Amino acid sequence: MRAAWYERGGPAGEVLTVGEMDAPRPGPGEVLVRLRASGINPGEIKKRADWMGFGIGYPRVIPHSDGAGTIEEVGEGVSSSRVGQRVWVWGAQSGRPFGTAAQYTALPQAQAVPLPGGVGFEVGATLGIPARTAHRCVFADGSVSGKVVLVSGGAGTVGGFAVSFAKWGGARVIATVGSEEQVEVALEAGADHALNYRTDDVAARVGEITDGSGAEASWRSPSGETWPWTRRRSRRSGRSPPTPPTPTRSRGCHSGSCSSRTL
Ligand SMILES: NC(=O)c1ccc[n+]([C@@H]2O[C@H](COP(=O)([O-])OP(=O)(O)OC[C@H]3O[C@@H](n4cnc5c(N)ncnc54)[C@H](OP(=O)(O)O)[C@@H]3O)[C@@H](O)[C@H]2O)c1
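Rules of the game
Residues numbered from 1 in each chain as written. Predicted model: local features only at pLDDT ≥ 70, side-chain atom pairs only at ≥ 80, totals over all residues. Helix = DSSP H or I, 4+ residues; strand = E, 2+ residues; numbered from the N terminus. Buried ≥ 20, exposed ≤ 12 C-beta atoms within 10 Å, placed from the backbone. Contact = placed C-beta atoms within 7 Å. Expected span 1.5 Å × (residues − 1). Core = buried A, V, L, I, M, F, W, Y, C linked by C-beta atoms within 7 Å. Domains from an automatic or database assignment. Pairing = 2+ DSSP bridges. Axes fitted to C-alpha atoms, helices over the stretch in contact; angles between N-to-C directions. pLDDT = per-residue confidence, 0-100. Nonpolar A, V, L, I, M, F, W, Y, C, P; charged D, E, K, R; others polar.

Engineer: Looking at this structure, how should I read the overall build of the chain?
Structural biologist: Along its length, the chain carries eight helices and eleven strands. Within the chain, the fraction of its 263 residues that count as buried is 43%. Looking at the chain alone, contacts between residues at least 24 apart form 68% of all its contacts between residues at least 6 apart.

Quick look at the structure:
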């Protein structure tokens, strides 16, 4: 099969090779997926660059954990009815060497999830890390139905999914974004209100939108802007300032930079 791989950590131009190698075979409980799209996550770049200095973990790594395609073969113990199924895959290169930057990947059948007919492979390849992160952040504390959820960075990759999930879950969603173009993106994702953090007084606007009660749950953007103004909002409403979350409160998110809690 055609694949991209690296055998040592470093800059892409120095360590990535594109070539031919044997396709994997599905082991017991596994499926072989013919990939149609591969999802590149910031984490893949960090792993390939060996940012922690621990080495790359395997003699050869095919990068990318996320992807989408069609099941072509099943291993022992997997129903043959899955052959031909459109799927999105997650975790292909998480604790395993061979990811989705290839024509084929073999992985446990639970990591190949049916993809509805109307959803393109390129969308399926974005679901693994970003959408699962957003889903966890929005629902880690339980239902958001009837709540006001603030998504900081609501036009970003994870933030956009968080907006859609929170709206789908029955919340009233306020997104903060960095430009007028991003206002449209956040509204299209399902936000009820999109505030430009560069030009709006976000604390004041959230106060107006919520009649002074503030947002009940919040998802933090890369910059950490949410917490300062959330505390400000609470002070104005006379409640105790909440304690900023620590990574241990992120409840299964992929990084400490995302969090979900009731304020
Ligand atoms: N991507 C993933 O799969 C993943 C997984 C786990 C965790 N994370 C974490 O989740 C965070 C977001 O990642 P991402 O991949 O979604 O990034 P992204 O696509 O770059 O989105 C970040 C968004 O936040 C906006 N932003 C920046 N500063 C802001 C502020 N002060 N207020 C409101 N919005 C602001 C940016 O807009 P402008 O800069 O244009 O204003 C951008 O639209 C990062 O901390 C990342 O480490 C990501």
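Engineer: Please explain helix 5 (residues 157-168) as it appears in this structure.
Structural biologist: Three or four residues apart is the spacing at which side chains of an α-helix point the same way, because the helix has 3.6 residues per turn. With twelve residues, helix 5 should reach 16 Å at 1.5 Å per residue; the first-to-last C-alpha distance of 17 Å fits that figure. Within helix 5, ten of the twelve residues are buried, which leaves the element mostly enclosed by the surrounding structure.

Engineer: Hey, could you run me through the nonpolar core in this one?
Structural biologist: When a protein is soluble and globular, its nonpolar side chains tend to lie buried together. Among the nonpolar cores identified, the biggest contains 60 residues, and V149, A162 and A166 are the most heavily contacted of them. Counting residues per element, this core draws most heavily on helix 5, at six residues. For this core, the two domains that each supply at least three residues are domain 1 (2-125) and domain 2 (130-250). The contacts of A166, once residues within four sequence positions are left out, are V138, V144, V149, V151, A171 and V173.

Engineer: Honestly, unusual backbone geometry in this entry has me stumped. Any pointers?
Structural biologist: Working note: non-glycine residues mostly have negative phi, and peptide bonds are mostly trans. Unlike most non-glycine residues, D50 shows phi in positive territory, near 55 degrees. Even without glycine at this site, H64 takes up a positive phi of about 85 degrees. The class for H64 is buried, based on 29 C-beta atoms found within 10 Å.

Engineer: How should the sheet that holds strand 4 (residues 66-74) be read in this particular structure?
Structural biologist: By definition, the strands of a sheet pair up through backbone hydrogen bonds, in either a parallel or an antiparallel sense. On the basis of which strands lie adjacent, the open sheet formed by five strands has the order 6-3-4-5-7 and antiparallel pairing. What marks the edges here is a single partner per strand, and that holds for strand 6 (104-108) and strand 7 (112-114). Geometrically, the sheet is characterised by an average inter-axis angle of 45 degrees between neighbouring strands, direction not taken into account. Of the strand pairs in this sheet, strand 5 (residues 86-89) and strand 7 are connected by three bridges, and their pairing is antiparallel.

Engineer: Is there a simple way to think about the confidence of the model for the chain in this case?
Structural biologist: If pLDDT is low for a region, its predicted coordinates should not be looked at in detail. Averaged over all residues, the pLDDT of the chain equals 86, while 83% of them reach at least 70. A low-confidence stretch, residues 223-263 stays under pLDDT 50, and its non-local contacts, those more than four residues away or across chains, total 78 contacts.

Engineer: How should the packing of helix 5 against helix 6 (residues 180-189) be read in this particular structure?
Structural biologist: Packed helices, taken two at a time, are described by the angle between their axes plus the distance between the axes. The geometry of helix 5 relative to helix 6 is characterised by a closest axis approach of 8 Å and an angle of 40 degrees between their N-to-C directions. Note on element contacts: helix 6 touches helix 5 through V185, A186 and A189, opposite G160, V163 and S164. Residues of the contact of helix 5 with helix 6, tallied by class, amount to four nonpolar, two polar and no charged.

Engineer: Quick question: what am I supposed to make of the pairing of strand 4 here?
Structural biologist: The side chains of a regular strand alternate between both faces of the sheet. Relative to strand 4, strand 3 (residues 30-39) runs antiparallel, the two sharing eight bridges. By the bridge assignment, V31 is partnered in strand 4 with V74. Note: strand 4 against strand 5, four bridges, orientation antiparallel. By the bridge assignment for strand 5, G67 is matched with V89.

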